[in-house]
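# Structural overview
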Amino acid sequence: MNWPVEDLWLEVEPDLPGFSVEVLAQVDSTNDELMRRAKKGNTDPILLLANEQTAGKGRRGRVWHSVPGQSLTFSLGLNLNPMIWSGLSLVVGLGILRGLDPFRKMSIGLKWPNDLWVGPATGARKLGGILMESNVIGSPNFTNKQDQSRYCVIGIGININAPKDVSLKMPAIGLEDLDPGLTPQTALLRVVPEVVKYVKQFCSKGFTGFVTEFNALDILNGEAVSMSNGVQGLARGVNALGELLIQTKEGLVTISSDEVSLLSFLHQRD
Ligand code: BTN
């Protein structure tokens, strides 16, 4: 596939001095490749895209299946130093959505904490996901506790065509189903600069300013949810730390993405 490497670089470099764009025909995982490079000391800002991943990773140790040409698979490697880390992956989701669907024509929503879904909630289908990984390597003063900077790998997978894999936990959807006129190249060109802008804004201002935007796009908002730690109730959006709020019979409970996962949800608009 022919990727708009130069256009992308021209668009992003002013925001990220030293930025580079690289396309690989095949790699195990773009996330793993950037982490390997970082361990060797290469932490310059980069977008690494692979036409094929042989061992693509999803969240919670899952496999991210993708067929060459049917999926956008790339990772952004960035040295970041936000005041508070909480909410970063939610902000990445917002950036992707802003790039892909600025006028909300495709009805893409976000499923806390890291998924792109197309609603309505009852028949929601997964369009893509985000896998964030980070390490202190690359931070010049990482022994100094005051220095919070980390090398972050933001892995993004977006279906172009919905995978046919029947064993998938969630039914899938692809960009082709939503907007047949949107090429993978255009999608990439739209998404990456927005994600970079959102992440930069997050680093200077934190998550607080994104709460309203996230809650407006949150596909779970108002739905009855059941979490892996036994918490059940109505999802009520997120707080200023990006934690999921759940109204239970006992009161409002906050869930941090590191602790628990969403088991199921029932459509029960209030
Ligand atoms: C999820 O939904 O569980 C997250 C999926 C993330 C997949 C992307 S594809 C590019 C990057 N490299 C990987 O190995 N995973 C992420």
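Everything in this summary refers to the structure shown in the same document. (Residues numbered from 1 in each chain as written. Predicted model: local features only at pLDDT ≥ 70, side-chain atom pairs only at ≥ 80, totals over all residues. Heavy atoms only, no water.)

## Some points on the site of the ligand
As a matter of local geometry, the ligand sits amid 20 residues, with Ser29, Gln53, Lys57, Arg59 and Lys126 nearest to it. A distance of 2.8 Å separates a nitrogen atom of the ligand from a polar atom in the side chain of Gln53. Between the ligand and Lys57 there is a distance of 2.7 Å, counted from an oxygen atom to a backbone nitrogen or oxygen. In the complex, the protein chains occlude 99% of the 410 Å² of accessible area that the ligand would expose alone. Looking at the shell around the ligand, the elements with two or more residues in it are helix H2 (30-39), strand S3 (71-80), strand S6 (125-135) and strand S7 (150-159). Ranked by residues supplied to the shell around the ligand, first place goes to S6 with 4 residues. (Near = heavy atom within 4 Å. Polar contact = N/O pair within 3.5 Å; in protein donor to acceptor, adjacent residues only side chain to side chain. Areas by Shrake-Rupley, 256 points an atom, 1.4 Å probe, with all protein chains shown as cover. Helix = DSSP H or I, 4+ residues; strand = E, 2+ residues; numbered from the N terminus.)

## Some points on a nonpolar patch on the surface
Together, Met83, Ile84 and Leu241 line one region of the surface with nonpolar side chains, adding up to about 310 Å² of accessible area. Structurally, the position occupied by Leu241 is in the loop between strand S9 (232-238) and strand S10 (244-248). (Patch = residues over 30% accessible without salt bridge, like charges linked within 9 Å, V, L, I, M, F, W, Y side chains within 5 Å. Salt bridge = Lys/Arg side-chain N within 4 Å of Asp/Glu carboxyl O.)

## Regarding the packing of aromatic side chains
Under the defined criterion, the tally for this structure stands at 2 aromatic pairs. Taken together, the ring pairs in this structure connect Tyr198, Phe207 and Phe210 into an aromatic cluster. (Phe/Tyr/Trp six-rings, centres within 6.5 Å; stacked < 30°, edge-to-face > 60°.)

## Examining the environment of Leu217
Within the fold, Leu217 resides in helix H6 (residues 211-217). Taking the C-alpha atoms as reference points, Leu217 and Ile108, separated by 109 residues in sequence, lie 7.9 Å from one another. Among residues more than four places away in sequence, those in contact with Leu217 are Leu94, Leu97, Arg104, Ile108, Gly109 and Leu110. (Contact = heavy atoms within 4.5 Å.)

## Observations regarding the pairing of S6
Two elements, strand S5 (residues 115-118) and S6, share 4 bridges in a ladder whose sense is antiparallel. By the bridge assignment for S6, Asp115 is matched with Gly129. In this sheet, S7 lies alongside S6 in antiparallel orientation, the contact comprising 8 bridges. Each residue of the ladder has a partner; that of Glu133, found in S7, is Val153. (Pairing = 2+ DSSP bridges.)

## What to know about H2
In terms of residue burial, H2 counts as a mostly covered element, since 7 of its 10 residues are buried. The complete set of buried residues in H2 reads Thr30, Asn31, Glu33, Leu34, Met35, Arg37 and Ala38. Summarising the contacts, the buried residues of H2 are in contact with strand S1 (20-24), strand S2 (46-50), S3, S6 and S7. Once H2 finishes, Gly41 follows within two positions and takes phi at roughly 105 degrees, a positive value. (Buried < 20%, exposed > 50% of the residue type's maximum accessible area, 1.4 Å probe, protein only.)

## A closer look at the pattern of salt bridges
Any two side chains of opposite charge can pair, given that their charged atoms come close. One pass over the structure, following the stated rule, counts 9 salt bridges. The partner of Lys57 in a salt bridge is Asp32, with the nearest N and O atoms 2.6 Å apart. Here Lys57 is found in the loop between S2 and S3, whereas its partner Asp32 is found in helix H2, with 25 residues between them in sequence. Lys57 sits in the partly exposed class, given a relative accessible area of 29%. Asp115 is the partner of Lys126 in a salt bridge, and the nearest nitrogen-oxygen pair spans 3.2 Å. Here Lys126 is found in strand S6, whereas its partner Asp115 is found in strand S5, with 11 residues between them in sequence.

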